[in-house]
Amino acid sequence: MRQNLKHGSVVFVLLLAVLFPLVMSNFQTYLVTQVIIYSVLGISYYLLLGHTGLLSFGHAAFFGVGAYAAALSLLHLVDPAVPVPIVIFIGAVAVFLCGLLFGLIVLRLAKIYLAFATLALSQMIWAIAWKWRDLTGGDDGLTGWSGRVVSLPVIGQFALSNIRFSYYLCLVFAVVAITLSWYFTKTPLGNTLTAMKSNPNRTGFLGVNVNAAKLMVFAFSGLVAGLSGALFILMKKMVSPHFLDMSMSFDVLIISVIGGYASFIGPIIGAFIYVYLVEYLSSFTERWQLLVGAFFVLLLLFYPKGIAGMVGDAVKKVRVVGRKGER
Amino acid sequence: MTNVLSLKGVTKFFGHFQVVSNVDLEVRSGEKHALIGPNGAGKSTLFNLITGHYVPTHGTIHFKDTRIDGLAPYKIARLGLARSFQIINIFRELTVFENMRNAVVAKRRLAVKCIGRLTAMKQITKESEYLLDRFALLPYRDEPAGTLGYGQQRALEVGLAVALDPELVLLDEPGAGLSPEETRAIVRLIQEVTEQKTLLIVEHDMDVVFKLADRISVLTYGVILTTGTPAEIRNNAAVKEAYLGNFTNDNSGAGSG
């Protein structure tokens, strides 16, 4: 019964997502595309923080490296209609490698030390993007693919400016990435990561190579985050060092906490609220960041488990009341 | 008889403080060996040296023919040497079942496998439940381990070590903080589950030690005073003076009273 309810709601949300651009305006479609991309990014962050208990302040590096890798491949693969899955694949693999590198460097660190090491590493990557003008365009960033046509094997060719195309492309890749991430958490490795979150010391004494597991989650989280970065530049048609900077890392953290950082669907809820909150608040006032900050603080004070935690608690309460009713 | 574990000249300094001095210790295959000594004698440090938590300053530690001093704890555990902890060190937030399953997954070397769903691996579920049943923990299967009573947490603590099916089991004060009935229960449990295994146990409770041990080593101030059978230890003058004096008096007092 519970399982059916779960499956039913997934199918329902997917159906809504498929129908959405057919009935809503282009602007709304554009916003929801952003929600989808941030959801993927948020889930890649969940794998580290919510699932394994590794706090990173450098997740922007994973997002930005994927974005730059995809942008560069799009610019340098001169074929008039580049197969778009290859671009996304390059973005994802680049960050898979970046995740391995980060993992190797911060392997022995935990808690706040880990957080600041990742922050430092991401700032280094930001500095490279800022200074290496020949490759990255420096603070101007990279543009020049807004008029491009890309191809999808078997299906055909599409203009990147087609908003509905962007939307469905993101949706398909997001569904794949989210499903893979879900599966990842259910494997023996996923289980080991939860054990490490609870008690890394004992996990090691059981004969588990904790460092290997840590490396693997960094690499996999990188893969998923890189994919979201690649999707983002296909939608935004530009990339700049802002994608890599500290405020981006904290945006990811805010999305996770708003939605509920310890829950798998938390980041999806968080991405929704964040995108719409920023969009509507910034149309009212220039000081929208102050309001987002206030919302964030209030939520932390009263619902530290985020919206997902709030809903979860409510469901539990209903169930307890229901059980009492049965007696 | 072959030695499963042999320590030669093991010394550990913390700064200038010598916690363990030139310890020679041999644990024979199949025996139940107890390590006793007053508080601060260095028993837990010795355990931490054997299981890789610390690296000895001098000396060597062999597990059968493999030199293990300086190896990472997970590598030592994989060789077939598993330990429990004096201070309960379980997965408090996870359920009792998940705790045991972590050990079973680790034993089968599946811990970093990223293909296949764990819940679909029925043998693992079955083995975990079998072990829970053996440790009388099956009734608490789905409760968070941190909410169990102290006695049950102790059983789980020992269970996580035994679940790895090691050749050598090291138990660090499995009776610590237990009531007399709970102690009797855990001793029976330890006897049952270590029947075919070699056991090295640190324990304060002398009832537990004399019930379980074939041989006893006495550690004081980081030095092994003597090793012998329970009868030898009971009658050793130096041991009596250093450690057991109070205990034997208490016991005879209780017996005559």
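Just so you know, these numbers come straight off a predicted model, no measurement behind them.

How each quantity is defined
- Residues numbered from 1 in each chain as written.
- Chains lettered and ligands numbered in written order.
- Predicted model: local features only at pLDDT ≥ 70, side-chain atom pairs only at ≥ 80, totals over all residues.
- Helix = DSSP H or I, 4+ residues; strand = E, 2+ residues; numbered from the N terminus.
- Rg over C-alpha atoms; globule rule 2.2 N^0.38 Å.
- Buried ≥ 20, exposed ≤ 12 C-beta atoms within 10 Å, placed from the backbone.
- Contact = placed C-beta atoms within 7 Å.
- Axes fitted to C-alpha atoms, helices over the stretch in contact; angles between N-to-C directions.
- Parallel < 35°, antiparallel > 145°, perpendicular 65-115°, else oblique.
- Left-handed = near helix turned anticlockwise from the far one by under 90°.
- Nonpolar A, V, L, I, M, F, W, Y, C, P; charged D, E, K, R; others polar.
- Core = buried A, V, L, I, M, F, W, Y, C linked by C-beta atoms within 7 Å.
- Pairing = 2+ DSSP bridges.
- pLDDT = per-residue confidence, 0-100.
- Expected span 1.5 Å × (residues − 1).

All right, on to the overall build of chain B then. When its secondary structure is counted, chain B shows nine helices and 10 strands. For 257 residues, the compact-globule estimate of 2.2 N^0.38 gives 18 Å, and the C-alpha radius of gyration of chain B, at 19 Å, lies within 12% of that figure. Overall, the C-alpha framework of chain B stretches about 60 × 50 × 35 Å when taken along its three principal axes. Within chain B, buried positions represent 46% of all 257 residues. Pairs at least 24 residues apart make up 66% of the contacts formed inside chain B by residues separated by at least 6 positions.

Residue and element names in this part refer to chain B. Two elements in contact, helix 5 (residues 150-162) and helix 6 (residues 180-193), have axes separated by 11 Å at closest approach and are oriented at 15°. Between helix 5 and helix 6, the angle is such that the two are roughly parallel. By crossing handedness, the relation of helix 5 to helix 6 is classed as right-handed. Residues Gly151, Arg154, Ala155, Val158 and Val162 of helix 5 form the contact with helix 6, whose participating residues are Glu182, Ile186, Leu189, Ile190 and Val193. Across the contact of helix 5 with helix 6, the residue classes tally to seven nonpolar, one polar and two charged.

Another point: the nonpolar core. In terms of nonpolar packing, the biggest core is built from 172 residues, with Val40, Ala67, Ala70, Ala213, Leu227 and Ala230 of chain A touching the most fellow members. Non-local contacts of Val40 of chain A, meaning those with residues more than four positions away in its chain, are made with Ala174, Ala177, Ile178, Val224, Leu227 and Ser228 of chain A.

Moving on to the pairing of strand 8 (residues 198-202) of chain B. Regular strands have side chains that alternate between both faces of the sheet. Residues and elements named next belong to chain B. Of all five residues in strand 8, five are buried, a share of seventy percent or more. Here strand 8 shows no split at all, with Thr198, Leu200 and Val202 on one side and Leu199 and Ile201 on the other all buried. Inspection of the sheet shows strand 7 (residues 168-172) paired to strand 8 by five bridges, in the parallel sense. Looking at the pairing, Val169 lines up with Leu199 of strand 8.

As a further point, take the sheet that holds strand 7 of chain B. Two strands in a sheet stick together by hydrogen bonds in their backbones, pointing the same way (parallel) or opposite ways (antiparallel). Residues and elements named next belong to chain B. On the basis of which strands lie adjacent, the open sheet formed by six strands has the order 6-7-8-3-9-10 and mixed pairing. Looking at the sheet topology across the chains shown, the edges are occupied by strand 6 (81-83) and strand 10 (223-228). Adjacent strand axes in the sheet meet at a mean angle of 15° when their direction is disregarded. Bridge analysis of strand 3 (residues 32-36) against strand 8 gives four bridges, and the strand direction is parallel. Residue Ala34 lies in a different strand from strand 8, and its bridge partner there is Ile201. Set on the sheet, helix 2 (residues 73-80) makes contact with strand 6 and strand 7; between it and strand 6 the angle comes to about 115°.

Residues and elements named next belong to chain B. Overall, the predicted model of chain B reaches an average pLDDT of 89, with 94% of residues at or above 70. Of all secondary-structure elements in chain B, the lowest mean pLDDT belongs to helix 9 (residues 237-256), at 55, while helix 3 (residues 96-107) reaches the highest, 97. Taken over the whole predicted complex, pTM reads 0.89, whereas the ipTM for its chain interfaces reads 0.89.

Contact residues are listed per partner, giving 22 residues for chain A and 28 residues for chain B. Examining the composition of the side of chain A that touches chain B, we find that six residues originate from one element, helix 8 (residues 188-198) of chain A, more than from any other. Residues belonging to the side of chain A that touches chain B are distributed by class as follows: 11 nonpolar, nine polar and two charged.

Our next topic: helix 6 of chain B. Structural remark: α-helix, 3.6 residues per turn; residues separated by three or four positions point the same way. The first and last C-alpha atoms of helix 6 of chain B sit 20 Å apart over 14 residues, in line with the 20 Å expected at 1.5 Å per residue. Turning to helix 6 of chain B, the residues buried within the fold contact helix 5, strand 7 and helix 7 (206-212) of chain B.

Residues with a pLDDT of 70 or more make up 98% of chain A, whose mean pLDDT is 90. Per-element confidence in chain A ranges from a low mean pLDDT of 79 for helix 14 (residues 306-326) of chain A to a high of 96 for helix 8 of chain A.

So, about unusual backbone geometry. A positive phi angle, close to 75°, is found at Val154 of chain A, a residue other than glycine. Relative to the helices and strands, Val154 of chain A is located in the loop between strand 3 (149-152) and strand 4 (156-159). Classification of Val154 of chain A as exposed rests on a count of 5 C-beta atoms within 10 Å. Phi at Arg109 of chain B takes a positive value of approximately 60°, unusual for a residue other than glycine. Among the residues examined, Arg109 of chain B registers 13 C-beta atoms within 10 Å and is labelled partly exposed.

Residues and elements named next belong to chain A. It is the contact of helix 2 (residues 26-51) with helix 10 (residues 210-236), at a shortest axis distance of 8 Å, that shows an interaxial angle of 165°. One finds that helix 2 runs roughly antiparallel with respect to helix 10. The way helix 2 lies across helix 10 gives a crossing that is left-handed. Touching Thr33, Ile37, Val40, Leu41, Ile43, Ser44, Leu47 and Leu48 of helix 2 are Val217, Phe220, Ser221, Val224, Ala225, Leu227, Ser228, Leu231, Phe232 and Met235, all from helix 10. The residue inventory of the contact of helix 2 with helix 10, partitioned by class, reads 14 nonpolar, four polar and no charged.

What follows deals with the pairing of strand 4 (residues 58-63) of chain B. Residue and element names in this part refer to chain B. The sheet contact formed by strand 1 (residues 3-14) and strand 4 spans five bridges and is antiparallel. Bridge pairing in strand 4 links Lys8 to Thr60. The sheet contact formed by strand 4 and strand 5 (residues 66-67) spans two bridges and is antiparallel. Paired with His62 across the bridge in strand 5 is Arg67. Joining the antiparallel neighbours strand 4 and strand 5 is a turn of two residues, in which Lys64 adopts a positive phi near 50°.

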